[in-house]
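Each chain is listed here by its residues.
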Amino acid sequence: MKFLQLSVLPFLIVILSLNGATLAHPYGDFLHCLSLRISNSSTISKVIYTQNNPSYSSVLNASIHNTRFATPTTPKPYAIITPRKTSHVQSTIYCSKNHGFQLRIRSGGHDVEGVSYVSQVPFVILDLVNFRDVKVDTKNEVAWVQSGATTGELYYGIASKTQTLGFPAGICHTIGIGGHLSGGGFGILGRKYGLAADHVIDAKLVDANGRVLNRKSMGEDLFWAIRGGGGNTFGVVLAWKVKLVPVPPLVTVFTVNKNLEQNATKIFHRWQYIAHKLPNELFTAVWVMKVNSSQVGKKTVQAGFRGMFLGGVDELIPLIQHEFPELGLARENCTQMSWVQSILYFGGLPIQPVDILLNRNALPVSSLKAKTDFVREPMSETGIEGFMNMFLEEEADFAITMIEAFGGRMDEIRENELPYPHRAGILFESTYIVQWTNEADAGTYINWIRRLYSYMASYASKSPREAYYNYKDLDLGTNNIIGYTSYEQASVWGLKYFKNNFKRLVQIKTKVDPMNFFRNEQSIPPL
Ligand code: FDA
């Protein structure tokens, strides 16, 4: 009962060092506050992990999906709170606010900049790992899903009840519902149905004053803001009610790999003119990466054309032969499977048993940096050639760009329907990712991805150069770590993520959290 030992020292002042300056911090007061509010000692030991607790590191690391932020020098939380009840969330907000701790909310821990579990000021983590109920109601085609569940847990929950309903969210099954839905959520059903956030019909949120709100009591402005306006800005979203969508019992997936010597550049060039106009039932993507060439000891660059069709192979093949004959799609490139298996296929996993969807650690974790672009005009062939050639560089050994076709339903939803604005006219979204194994070399790899991003400037959307908030990129600009951030300063990155919706997000933030309790490097600042 290490916590209880600490809690008898309510006025303990912990001395800590921040940016070289020595500050006094009422750490003991915070713990005392929590211990008074969560008075049951057996609950406390399952909910509060201080740095003295032997499980502290394993609880912290369990949901870190970017080891770039798991080094000995990465700032660590004073405590990790893993609430089991709504009142634990309310108490954590109350005590953090009253004792000067910043709160970082973590659901699945996939934030690519580590924002859900790292801060430069004294902080605690509210980790929603125990908030992961999934309740699927096939009759009404809805589900209530708690934020700490993963997309995989939701997909599994749906598929274990029906083969004809699905949910349009991300490809990776380990991402958390909390972060994913609060930033948008695009996946293989995106061209047919739009974003995960487009399908949220109610939510349960705890605000900065500890009030528990639903759609009706929070009002339409706040309900609009939490569906894409970013997490850790407006409150703690505990659960989401989502509308499920119809899927056929069998879908068809395919992969056709082409490398530089097999006309990859030309085929990719052609794909840009076609992919966004294909029927909404057909989602395609191009994954670009370095691979071994057929010449021993040589490398080449591969464009992997991947697709998921909401229908059978007999319908797909003539469709592609008609619309995109250059791809040379053959029956042996295609496999029919259930929608839920297609998630595993895209995630590079065996398609059965499907209960791997319940494994939150099924995918390897590495150190990485990501950036995104939205492209509105097709790139020239020379432009694509230069882009592909960058993957021949040494730093690109573990790099990938995932290029996903838009159009379809995404073209039909207004830019201001939700905070996520990247809709009509987008041909595709590119997610650039570079990974490395030796932390000492991080700078070299990060420089490479920054060069790739500079190279893409002429081809990407402009004024603003749009970026996807769900792959945060702190290179775009940040809030001041301490104190006030002006609207102008935050606009630098805010307009890239939210375009004209940024202003409304700032107004809502000003109304619901004027003291800026929920904040991070790229949270919406109040006026
Ligand atoms: P995490 O817990 O790290 O939270 C992310 C942000 O949301 C943080 O700011 C956090 O504080 C906040 N937050 C989390 N829970 C909250 C809550 N309950 N209430 C309020 N704020 C909360 N995206 C996509 O659209 N399609 C895809 O296919 C993929 N695939 C993918 C694969 C991999 C390997 C990674 C690393 C990322 C993706 N993403 C993605 C991006 C993903 O959608 C994004 O990182 C989400 O924010 C992840 O949500 P988590 O809950 O896992 O993150």
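Below is a summary of the structure that appears in this document.

Rules used in this analysis
- Residues numbered from 1 in each chain as written.
- Predicted model: local features only at pLDDT ≥ 70, side-chain atom pairs only at ≥ 80, totals over all residues.
- Heavy atoms only, no water.
- Helix = DSSP H or I, 4+ residues; strand = E, 2+ residues; numbered from the N terminus.
- Rg over C-alpha atoms; globule rule 2.2 N^0.38 Å.
- Buried < 20%, exposed > 50% of the residue type's maximum accessible area, 1.4 Å probe, protein only.
- Contact = heavy atoms within 4.5 Å.
- Areas by Shrake-Rupley, 256 points an atom, 1.4 Å probe, with all protein chains shown as cover.
- Near = heavy atom within 4 Å.
- Polar contact = N/O pair within 3.5 Å; in protein donor to acceptor, adjacent residues only side chain to side chain.
- 1 Å grid on protein atoms, 1.4 Å probe; cavity = no way out; pocket = protein on both sides within 12 Å on 5 of 7 lines; lining within 4 Å.
- Points joined across faces, edges and corners; volume = space filled by probe spheres on them.
- Nonpolar A, V, L, I, M, F, W, Y, C, P; charged D, E, K, R; others polar.
- Pairing = 2+ DSSP bridges.
- Axes fitted to C-alpha atoms, helices over the stretch in contact; angles between N-to-C directions.

### Section: the overall build of the protein
What the protein contains, in helices and strands, is 17 helices and 20 strands. Relative to the 2.2 N^0.38 estimate, which gives 24 Å for 527 residues, the radius of gyration of the protein is 23 Å and therefore close to what a compact globule would have. Overall, the C-alpha framework of the protein stretches about 75 × 55 × 40 Å when taken along its three principal axes. Evaluated residue by residue, the protein yields a buried proportion of 60% over its 527 residues. Of the contacts made within the protein by residues no fewer than 6 positions apart, 72% connect residues no fewer than 24 positions apart. Approximately 20600 Å² of the protein is accessible, and the part contributed by carbon and sulfur atoms is 52%.

### Quick word on the site of the ligand
Surrounding the ligand, one finds 31 residues, the nearest of these being Ile-105, Ser-107, Ser-116, His-180 and Tyr-468. At 2.6 Å, a side-chain N or O of Tyr-468 approaches an oxygen atom of the ligand. Within the backbone of Asn-470, an N or O atom sits 3.2 Å from an oxygen atom of the ligand. In isolation the ligand offers 950 Å² of accessible surface; the protein chains occlude 92% of this area. At the level of elements, strand S5 (102-106), helix H7 (177-183) and strand S12 (236-243) are the ones that each hand at least two residues to the shell around the ligand. With three residues, H7 is the largest single contributor of residues to the shell around the ligand.

### A few points about empty space enclosed by the protein
Inspection of the entire model under this criterion finds four cavities of 30 Å³ or more. In this structure, the largest cavity encloses a volume near 80 Å³. Gln-102, Arg-104, Ser-119, Gln-120, Val-121, Asn-479, Asn-480, Ile-481, Arg-519, Asn-520 and Glu-521 are the residues that line the largest cavity. Here the lining of the largest cavity is built from residues that sort into two nonpolar, six polar and three charged.

### Describing the pairing of strand S6 (residues 123-127)
Within S6, five of the five residues are buried, leaving the element largely enclosed by the surrounding structure. Neither face of S6 is open: one carries Phe-123, Ile-125 and Asp-127, the other Val-124 and Leu-126, and all of them are buried. The sheet contact formed by strand S4 (residues 79-81) and S6 spans three bridges and is parallel. The residue of S6 that forms the bridge with Ala-79 is Val-124. Where S5 meets S6, five bridges bridge the pair, whose relative direction is parallel. By the bridge assignment, Ile-105 is partnered in S6 with Leu-126.

### Let's talk about the sheet that holds strand S3 (residues 48-50)
Spatial ordering of the open sheet is given by S3-S4-S6-S5, a layout of four strands whose pairing is mixed. Every interior strand has two partners, whereas the edge strands, S3 and S5, have only one. Neighbour to neighbour, the strand axes of the sheet diverge by 20 degrees on average, direction disregarded. Sheet strands in contact with helix H2 (residues 27-37) are S3, S4 and S6, and its direction is about 160 degrees off that of S3.

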